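Chain by chain, the residues run as shown.
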Amino acid sequence: MQRPLAASLLTALTLALTLTLAGCQGAAVSEVEDTRAPTVPSGVTATAGSASTVHVMWSAATDDRAVTGYAVYSEGRKVKDLPATTLMTDVVGLAPATLHRFTVRARDAAGNVSPPSVTVTATTLRAVAEDRRPPGAPSGLRATPDGSRAVTLRWSASEDDTRVTAYDVYQADTRIHTVPGTATTAHVTGLRPGTAYAFTVRARDAAENSSPDSTPADLTTAPSPGAPANTAPTRLAATATKGEITVTWTPPDTGAPVTHHELHLNGTFATTIIWGTAPPPGRATYTFPVQDPPGTRYTVTLRAQLPDGTWGDFSAPRTVVVR
């Protein structure tokens, strides 16, 4: 009786050892070291914005896991480390009237770095006498959709006492694109389907003086196939007087009166606007006090409560400056 028992015990020990080894091998396989570098960033451009700055832009790289950041090099020396969400930067402190060379490399979480992108060049502008006069605001801005994820912007050129060296495109008061001062168009990508956007453009001169914002151009991108229609309030306007801001808008057509709206400032919920009785016909107006110092900038957005109780899409944003 002892011999079969010993054999059974040996068999059990062998099986346990086999399972343990298999588990270790599985863990080793699941933790394979990442040695593959991201792809090379493409579409790199460099545009001189002044006597000492160049604006560098590029298209996103890809990785078998994830790109975690980018490094920008000037003359082979790293000058900027940026997160993966950033696809443009200003390189500052450059010598005037000089040809500068730039490359971009992508990196992943394991520290793998892509080869350098193609080298792009830009010549900084000649240093000029002190200039404090900004260009005039670009006029006639219009937005033309390009599918559901891109837009082409066009505007009329600004005037300046020296010359316009660049145009900066803003979305929700954040610069998202820059083109040379000789251009009056910009192609913006990376938009979301079925979303309301507002774009503005500012002109810039060699002394880094920026013009006032152009009149906003609104655009709602086409929804994805099968997605519901956009339910954002439209024609939002925001004006500031001393101590208060007034917003006006057209509520969405939901098939029923819209009695509740949410007001957001700089992307954060501020208040719910409620009409105790029937909402006003046509355009709606709401005024609220502000205690911030003059010059404070707010980005204002609205969304409406739909008949089923859910909140609809956000309006295109508007930027307003406290007086």
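One can find the structure itself at the top, above this paragraph.
So, here's what we can say about the structure.

## Notes on the packing of aromatic side chains
On inspection of all chains with the given rule, the structure shows five aromatic pairs. When the ring centre of Tyr170 is taken as origin, the NZ or CZ atom of Arg202, which lies over that ring, is 3.8 Å away.

## Side note on the environment of Asp213
Inspection of the secondary structure assignment puts Asp213 in the loop between strand E13 (196-205) and strand E14 (217-220). Residue classification places Asp213 among the partly exposed positions, given a relative accessible area of 29%. When the C-alpha positions of Asp213 and Thr319 are compared, they lie 9.6 Å apart, and in sequence the two are 106 residues distant. If sequence neighbours within four positions are ignored, Asp213 has contacts with Ala137, Thr200, Val201, Arg202 and Arg297. A polar contact is formed between the side chain of Asp213 and the side chain of Arg202, at a distance of 2.4 Å.

## A short note on the sheet that holds strand E8 (residues 139-145)
A sheet is described by the order of its strands in space; here three strands give the open sequence E8-E9-E12, paired in antiparallel fashion. In this open sheet, the two edge strands, each paired with only one partner strand, are E8 and strand E12 (185-188). Geometrically, the sheet is characterised by an average inter-axis angle of 15° between neighbouring strands, direction not taken into account. Here E8 runs beside strand E9 (residues 151-156); their pairing, made up of five bridges, is antiparallel. Counted as the bridge partner of Pro145 is Val151 from E9.

## A look at the side chain of Asp160
Tracing the sequence through the fold places Asp160 in the loop between E9 and strand E10 (164-171). There is no salt bridge for the buried Asp160, and the closest opposite charge comes from Arg133, which lies 6.0 Å off by N-O distance. A distance of 2.6 Å separates a polar atom in the side chain of Asp160 from a polar atom in the side chain of Thr162. Polar side-chain contacts of Asp160 include one of 3.1 Å to the backbone nitrogen of Arg163. Ignoring anything within four residues of it in the chain, the contact list for Asp160 reads Asp131, Arg133, Pro134, Pro135 and Asp205.

## Considering the sheet that holds strand E17 (residues 260-265)
An order of E18-E17-E20-E21 is seen for the four strands of this open sheet, with the pairing classed as antiparallel. The sheet terminates laterally at strand E18 (268-274) and strand E21 (318-321), the two strands that pair on one side only. Put simply, the sheet's adjacent strands are angled 30° from each other on average, direction ignored.

## Section: the pattern of salt bridges
Counted by the stated rule, this structure contains 13 salt bridges. Note that Arg202 and Asp173 form a salt bridge whose closest N and O atoms lie 3.2 Å from each other. With a gap of 29 residues between them, Arg202 in strand E13 and Asp173 in the loop between E10 and strand E11 (174-180) connect regions that are remote in the sequence. By relative accessible area, Asp173 is classed as partly exposed at 24%. Here Arg202 and Asp213 are joined by a salt bridge, their closest N and O atoms 2.4 Å apart. Here the residue Arg202 occupies a position in strand E13, and Asp213 occupies one in the loop between E13 and E14, the gap between them amounting to eleven residues.

## Brief notes about the side chain of Ser117
Relative to the helices and strands, Ser117 is located in the loop between strand E6 (99-108) and strand E7 (120-123). There is a polar contact of 2.9 Å between the side chain of Ser117 and the backbone nitrogen of Val104.

## Remarks on the pairing of E12
Taking every second residue as pointing to the same face, the buried face of E12 carries Ala186 and Val188, while none of Thr185 and His187 on the other face is buried. Across four bridges, E9 lies against E12 in antiparallel orientation. Across the sheet, the residue bridging to Val151 is Val188, located in E12.

Reading the values: rules and limits
Residues numbered from 1 in each chain as written. Predicted model: local features only at pLDDT ≥ 70, side-chain atom pairs only at ≥ 80, totals over all residues. Heavy atoms only, no water. Phe/Tyr/Trp six-rings, centres within 6.5 Å; stacked < 30°, edge-to-face > 60°. Lys NZ or Arg CZ within 6 Å of the ring centre and 35° of its normal. Helix = DSSP H or I, 4+ residues; strand = E, 2+ residues; numbered from the N terminus. Buried < 20%, exposed > 50% of the residue type's maximum accessible area, 1.4 Å probe, protein only. Contact = heavy atoms within 4.5 Å. Polar contact = N/O pair within 3.5 Å; in protein donor to acceptor, adjacent residues only side chain to side chain. Pairing = 2+ DSSP bridges. Axes fitted to C-alpha atoms, helices over the stretch in contact; angles between N-to-C directions. Lys, Arg positive; Asp, Glu negative; His and termini not counted. Salt bridge = Lys/Arg side-chain N within 4 Å of Asp/Glu carboxyl O.

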